[in-house]
Amino acid sequence: EEKLNIAFQSAWNAYTYDYPEIFYIDVTKLTLTTQTTSIGSFSTHKVDLSSGENQNYFSKGINSIEEANKRIEYVSNIRKQFISQLENSSDYEKIKLVHDWLVDNLEYDTSYSGENIHNVYGAFENKKVVCESYARTFKYILDGIGIENVLVSGEATNTSGATESHAWNYVKI
């Protein structure tokens, strides 16, 4: 069961790193139920993922599929603006312009308490984020303009010399 839970979390992280547009799902509201049936040395596992009783799986501030769709459309329209503005640029220019837009328009949330500070919607709507949102937003825009990239996470040394969790992108150029 513990291995399955760890594997589920790893799979979920990988999925959301590859698809930052899935910002509207709050995994903490999902219930993972496992049922193991063993006959001799052979075991089967049934896994069920649901939003539990009387609870939705939407991120804070989203209470319906209509609200989720509005936010999805909102971030999609912003990405479309980037696509149209960058269509005649080289890959290097596209990457640099997106990078510069993020640096010039987003503020790092040092309180770590803001709403949507980890996702694409928060970057576009609130403009106050943490490294994870910078990386997710960078990936989301680059995916839209056809630049291969991946979001990665790990540990990095901060300006005070302490090691902390961090997220960034690898970009193919």
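Residues numbered from 1 in each chain as written. Predicted model: local features only at pLDDT ≥ 70, side-chain atom pairs only at ≥ 80, totals over all residues. Heavy atoms only, no water.

1. Quick look at the environment of Asn-105
Stage number 1. Mapped onto the fold, Asn-105 is located in helix 3 (residues 91-105).
Stage number 2. The spatial distance from the C-alpha of Asn-105 to the C-alpha of Gln-55 is 35 Å, given a sequence separation of 50 residues.
Stage number 3. Within polar-contact distance, the side chain of Asn-105 engages the backbone oxygen of Trp-101 at 2.8 Å. (Helix = DSSP H or I, 4+ residues; strand = E, 2+ residues; numbered from the N terminus. Polar contact = N/O pair within 3.5 Å; in protein donor to acceptor, adjacent residues only side chain to side chain.)

2. Some words on the nonpolar core
Soluble, globular proteins show a tendency: their nonpolar side chains are buried together.
Stage number 1. Counting residues in each nonpolar core, the largest one holds 27 residues, and the members touching the most others are Tyr-24, Val-75, Phe-82, Val-98, Phe-124 and Leu-142.
Stage number 2. Elements with a contribution of two residues or more to this core: helix 2 (65-86), helix 3, helix 4 (120-125) and helix 5 (131-144).
Stage number 3. If near-sequence neighbours (up to four positions away) are discounted, Phe-82 is found in contact with Val-98, Trp-101, Phe-124 and Ile-141. (Core = buried A, V, L, I, M, F, W, Y, C linked by side-chain atoms within 4.5 Å. Buried < 20%, exposed > 50% of the residue type's maximum accessible area, 1.4 Å probe, protein only. Contact = heavy atoms within 4.5 Å.)

3. A look at helix 1 (residues 2-18)
Stage number 1. The terminal C-alpha atoms of helix 1 lie 24 Å apart, and with 17 residues this matches the ideal 24 Å at 1.5 Å per residue to within 8%.
Stage number 2. Every buried residue belonging to helix 1 is among Trp-12, Thr-16 and Tyr-17, and all of these are buried. The buried residues of helix 1 occupy an angular sector of 130 degrees when projected down its axis, which confines them to one face.
Stage number 3. Looking at the buried residues of helix 1, the elements they touch are helix 5 and strand 5 (149-157). (Expected span 1.5 Å × (residues − 1). Arc of directions from axis to C-beta.)

4. Digging into the packing of aromatic side chains
Stage number 1. Evaluated as defined, the whole model comprises ten aromatic pairs.
Stage number 2. Ring centres of Phe-82 and Trp-101 lie 5.3 Å apart, and the angle between their planes is 90 degrees; on these two criteria the pair is classed as edge-to-face. Of this pair, Phe-82 sits in helix 2 while Trp-101 sits in helix 3, and the two are 19 residues apart along the sequence.
Stage number 3. Relative accessible area serves as the criterion here: at 22%, Trp-101 is assigned to the partly exposed category.
Stage number 4. Seen from the ring of Tyr-140, Arg-79 lies directly overhead, with NZ or CZ sitting 4.0 Å from the centre. (Phe/Tyr/Trp six-rings, centres within 6.5 Å; stacked < 30°, edge-to-face > 60°. Lys NZ or Arg CZ within 6 Å of the ring centre and 35° of its normal.)

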